[in-house]
Amino acid sequence: MAAAGMALMSTATGVLGGTVAAATATSSALGLGAGLFGGATLFSAAAGHFLVTTALGTALNALTPKPSIGGNRGYQITQTGSALDHQIIYGKVKVGGVRVFDTTTGKKNKVLHRILAFSGHEIESFEEIYINDELVTLDGSNNVTSPDRYNGKILINSHLGSPDQAADATLVADDDVPEWTSDHRLRGISYLYIRFTYNADAFPNGVPEVTCVIKGKKVYDPRDGTTAWSDNTALCLRDYLTNETYGLNEEDANVDDTNVVTAANVCDRVNTPDGSTRYTCNGAFTTAAVPYDGLSNLLTACGGLLWYSQGKWRMKPAYWTDPDLTLDENDLRGSITVNTRHSRRDNYNTVKGTFRGEESNWQVTDYPEVSNSSFVSADNGQVSSVDVALPFTDTSVEARRIANVSLERNRQQLTITASFGMRAFQLQVGDNVKLNNTRFGWTEKEFEVTSWTFGLVDNNDLQVQMVLREISRSVFDDISDGVVYERDNTTFLSPFDVPDISISASAVAQVLSEKLVNTLNITIGATQSERVDLVEVQLRAEGDTDYVSVGTGELGVFSSIDLQRGNYDVRARAINTFGIKGEWSYLNGFNVDALSADPADVTGFDKQISGGTIFFSWTAVPDLDLSYYQIRHNPNTSSVTWDNSNPVIDKVARPGTTASLPSRSGTFLIKAYDKGGNESQNADTLEVQPSELPALDNVTTVTENPDFNGVSGSSNVVVDTTPNPDELIIDNLSSANPSGTYEFSDVVDVDPIGGSSRNCRVTGFVTFNRHTDYTELWDNIPQAWNSWPGNWDDWDSEDAAFSDHNVVVYVAATPDDPSGSPTWGAWQLANGSDVVGRAFKFKAELTSTNTDVSPSIETLSATVEY
């Protein structure tokens, strides 16, 4: 085809070029005849037989593995030259133009007159006009009114390129431009006449760049017989095939319009997830593009096929058609040749490329890369990319859809060549067909006809030889499919078909080299265990990037020892006899914390009383991380809790299961503690009645409640009069571990007359609760919620069941007269032990491990028995 030219007139005189140079184009001239596309009828009189062949040439399959797509996208900015190629615009696109006329008039050449030609055909409209990439607004007289700096300084007249358009009236009427006359009509060329009036502030960088968003070529629609603007890809393809100036100049009769109608309906079909039209064509190119590249570029907009068959051009966008015919072994006339995979050169698992549209501000931009981990895995982890430029696609959504079709279509790699009987005569290239073959394990497996040959062979047998390539409906949906394309080649068990597996796990505590550790036991199972040779198990801490190997072995239990507490992700996959690895199965966020579980409750808590001693025994707790036991005492036998009881034996280290104390009445409680500080949920209890203790002749009791008339040994223990009766609390709770002491008001003198010392059993008795000294707001609670004991649903008081406060009663003895100046001995626990002395004094020590928390003493007393 001769290039259509546009000549620039840069002087005030001369002849303006720019008319379209007509040229004829035939298939043979374009190199698109039978030799390339197989659209030939070959006769051999000597052989006495004929062949009719139709095939899909890779040149016109837009999404072949390594597409050859030109970079011709039309004019992006204003062009200048003596004979430039016409620009062809399909759909809607932003383009630049060709400067075909420039002249200046006025004082000091202040006014510039410019003609910018945009297309070598009639267009629908100039949708938007940009000056230096700023959208401008025109008034009713075509003067630019905004941006403000252009107001009154630019006039723009538009001409759509109709066959009968007149010359620009404004320019013709300008007496200062005599060289532009009414004969300068530029028929068939869309253009703008722009008049710039110089202003230094408006045009600081000289003559500005002018670009336009244009709705381009009007195309024929065989569905209703109209010619109008459309971005339907099938209609644009038909226009290119039949156009006499820049296309193939095919006769309308040589285009299968029934097929075009079907293709156009597919392109207009609105059934995509985002509601957009499926395939649109929006782009531009120049007549410098050879028809091969022009057709290839247009085909990318629908991911389609174009072929010449039986004297007609036919097309098929990327969409699914249900097969109408099923062939089987009875239709075969010879052996089947099977190619299972592409060559490495033609195979890929990732598609990337570019598009251009409004969402990219009309710049050539990368669309979202399309890849599939299953394809990459099938290619042994090697990422193989292909660039598929989409010059006629203007949205990232459409671009990604087309790229996904390209990727998934390429993974349908099984190709067969075979000869069939006359039932295959009804097929043509682009049709889908089902195939049954017991030997290959095909049951209604779907193929696409990519080559079709009909003719006489040996013994004058009429046969149809076809090349079929596997295809699937899922190729054309908007779902990214993966391993399905590796598994649909046959109904036989494939060496690539690896069964799924199941994963379960449990965390246990285990002793390893005298160290207690967390162990994660991972159990791997499979419903088709006979098809699993080995399994591979991997593990990672939640939040880590990389997995580490736990092991590879037979189905069963895999263990990972000495893990830190936390959540872990587990994955495993099966490996079959051929060494093919299956898909990963996952168990995510499994908590490994066997060491933080509360130890079991103590059971079998029992006692024996001998003389002045109570001997305790209990059953050992089985927990491997057991640290010690604690025994507490409360002088009461009702309303007793672990929290309001006083520790009398802080620790009985494992493996001990016995302890002893001086005899006393009341309730004893025991819990187990592990190495993490966790305690049993429930305490085991036993009671000691006063009647069970050895009787002594004399008993003296001092009782401080309810008046609490003693003194604070540390000036911060006070009587709280808010409750009734009064309670004894720590007043200052600002320190990290608040504490205080209270000394009893009375002293016990066991021999005020004789003045001798005696061996006495001394016991302190106290009952207390938990007192909180803060405003009752959530934010003031001094504990983290997940540290609260018990169950949330069981709570009726936020002051209950905490072990963060305590009260201990102490005694000091003296052999002297307490009313004089006695010398007192050291303070020791008043826990029922024997203490020698004439007089005895007592104190209570209040402690807390929590700011704003104090024990609140309700009853406080002591007894001296002898």
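Residues numbered from 1 in each chain as written. Predicted model: local features only at pLDDT ≥ 70, side-chain atom pairs only at ≥ 80, totals over all residues. Heavy atoms only, no water.

A. How the structure looks around the packing of aromatic side chains. A complete count under the given rule lists 23 aromatic pairs for this structure. An angle of 40 degrees between the planes, with centres 5.6 Å apart, marks the rings of Phe744 and Phe842 as tilted. Separated by 98 residues along the polypeptide, Phe744 in the loop between β47 (739–743) and β48 (748–749) and Phe842 in strand β53 (residues 839–848) bring together distant segments of the chain. An identical accessibility class is assigned to Phe744 and Phe842; each is buried. The side chain of Arg149 reaches across the aromatic face of Tyr150, ending 4.9 Å from its centre. In this arrangement the basic side chain of Lys843 is found over the ring face of Tyr810, its NZ or CZ atom lying 5.6 Å from the centre. (Phe/Tyr/Trp six-rings, centres within 6.5 Å; stacked < 30°, edge-to-face > 60°. Helix = DSSP H or I, 4+ residues; strand = E, 2+ residues; numbered from the N terminus. Buried < 20%, exposed > 50% of the residue type's maximum accessible area, 1.4 Å probe, protein only. Lys NZ or Arg CZ within 6 Å of the ring centre and 35° of its normal.)

B. Structural detail: the pairing of strand β31 (residues 534–541). Here β31 runs beside strand β34 (residues 566–575); their pairing, made up of 8 bridges, is antiparallel. Its bridge partner being in β34, Val535 is matched across the sheet by Ala574. As defined by bridge partners, β31 adjoins strand β32 (residues 548–553) across 5 bridges and the pair is classed as antiparallel. Of the residues in β32, the one forming a bridge with Val535 is Gly553. What sits between β31 and β32 in their antiparallel hairpin is a turn of 6 residues, with Gly543 showing a positive phi close to 100 degrees. (Pairing = 2+ DSSP bridges.)

C. Highlighting a nonpolar patch on the surface. Together, Met422, Phe425 and Leu462 make up a nonpolar patch on the protein surface, roughly 250 Å² of accessible area in all. Assignment of secondary structure puts Leu462 in strand β28 (residues 461–470). (Patch = residues over 30% accessible without salt bridge, like charges linked within 9 Å, V, L, I, M, F, W, Y side chains within 5 Å. Areas by Shrake-Rupley, 256 points an atom, 1.4 Å probe, with all protein chains shown as cover. Salt bridge = Lys/Arg side-chain N within 4 Å of Asp/Glu carboxyl O.)

D. How the structure looks around the sheet that holds strand β29 (residues 502–512). With antiparallel pairing, 3 strands are arranged side by side in an open sheet as β29-β30-β33. Whereas interior strands pair on both sides, the edge strands pair on one side only; in this sheet they are β29 and β33 (556–563). Across the sheet, the axes of successive neighbouring strands diverge by a mean angle of 25 degrees, strand direction being ignored. (Axes fitted to C-alpha atoms, helices over the stretch in contact; angles between N-to-C directions.)

E. Spotlight on unusual backbone geometry. Residue Pro655 follows Arg654 across a cis peptide bond; omega there is 5 degrees. Residue placement: Pro655 occurs in the loop between β39 (646–653) and β40 (658–662). The omega angle of the peptide bond from Asn705 to Pro706 is 10 degrees, so this bond is cis rather than trans. Relative to the elements of secondary structure, Pro706 occurs in the loop between β43 (699–703) and β44 (711–712). For Asn380, which is not a glycine, the phi torsion comes out positive at approximately 60 degrees. If you trace the backbone, Asn380 turns up in the loop between α7 (373–378) and β24 (385–387).

F. Looking closely at the environment of Ile471. Mapped onto the elements, Ile471 comes out in the loop between β28 and α9 (484–487). Spatially, the C-alpha atoms of Ile471 and Thr415 are 9.9 Å apart, while their sequence positions differ by 56 residues. Contacts of Ile471, omitting those with residues within four sequence positions, involve Trp320, Arg409, Gln412, Asn432, Glu446, Phe447, Glu448 and Phe476. (Contact = heavy atoms within 4.5 Å.)

G. Region of the structure containing helix α4 (residues 233–242). Burial of α4 is extensive: 10 of the 10 residues sit out of reach of the surface. Three or more residues of α4 are buried, namely Thr233, Ala234, Leu235, Cys236, Leu237, Arg238, Asp239, Tyr240, Leu241 and Thr242. One side-chain oxygen at the N-terminal end of α4 lies 3.0 Å from the backbone nitrogen of Ala234; it belongs to Asn232. (Polar contact = N/O pair within 3.5 Å; in protein donor to acceptor, adjacent residues only side chain to side chain.)

H. Spatial organisation of the confidence of the model for the protein chain. Per-residue pLDDT for the protein chain has a mean of 84; in total, 86% of the residues score no lower than 70. Confidence over residues 55–59 falls short of pLDDT 50; this stretch has 16 contacts with residues more than four positions distant or in other chains. Across residues 65–70, where pLDDT falls below 50, the model places 21 contacts with residues more than four positions away in sequence or in other chains. (pLDDT = per-residue confidence, 0-100.)

I. Local environment of the pattern of salt bridges. Taken as a whole, this structure holds 29 salt bridges when the rule is applied. Residues Lys218 and Glu122 are paired through a salt bridge, measuring 3.3 Å at the closest nitrogen-oxygen approach. Pair noted here: Lys218 is in strand β13 (residues 210–221) and Glu122 is in the loop between β6 (111–119) and β7 (123–131), with a separation of 96 residues, a long-range link. One salt bridge in this structure joins Asp804 and Arg770, with 2.8 Å as the shortest N-O distance. Pair noted here: Asp804 is in the loop between β49 (758–772) and β50 (805–814) and Arg770 is in strand β49, with a separation of 34 residues, a long-range link. With relative accessibility at 7%, the residue Asp804 sits in the buried group. Several salt bridges share partner residues, and in doing so they unite Arg99, Asp102 and Arg114 into one network.

J. Region of the structure containing the sheet that holds strand β36 (residues 603–610). Strand order in the open sheet formed by 3 strands is β36-β37-β40, with antiparallel pairing between adjacent strands. Of all strands in the sheet, those with a lone pairing partner are β36 and β40, marking the two edges. Between one strand axis and the next, the sheet turns through 20 degrees on average, direction left out of account.

K. Fine view of the side chain of Arg770. Judged by relative accessible area, Arg770 falls into the buried class, the value being 5%. A polar contact of 2.8 Å, which involves the side chain of Arg770, links it to the side chain of Asp804.

L. Examining the environment of Ser146 more closely. Tracing the sequence through the fold places Ser146 in strand β10 (residues 144–146). When the C-alpha positions of Ser146 and Glu134 are compared, they lie 9.3 Å apart, and in sequence the two are 12 residues distant. Leaving out residues up to four positions away in the same chain, Ser146 has contacts with Leu135, Val136 and Thr137. Within the structure, Ser146 has its side chain in polar contact with the side chain of Thr137 (distance 3.0 Å).

M. How the structure looks around helix α5 (residues 257–268). For α5, spanning 12 residues, the distance from its first C-alpha to its last is 16 Å, which sits close to the expected 16 Å at 1.5 Å a residue. The set of residues buried in α5 consists of Asn259, Val260, Ala263, Ala264, Val266 and Cys267. Considered in projection along α5, the buried side chains sweep an arc of 160 degrees and stay on one side of the axis. The elements touched by buried residues of α5 are α4 and β17 (312–316). With a side-chain oxygen lying 3.2 Å from the backbone nitrogen of Thr258, the N-terminal cap of α5 falls on Asp256. (Expected span 1.5 Å × (residues − 1). Arc of directions from axis to C-beta.)

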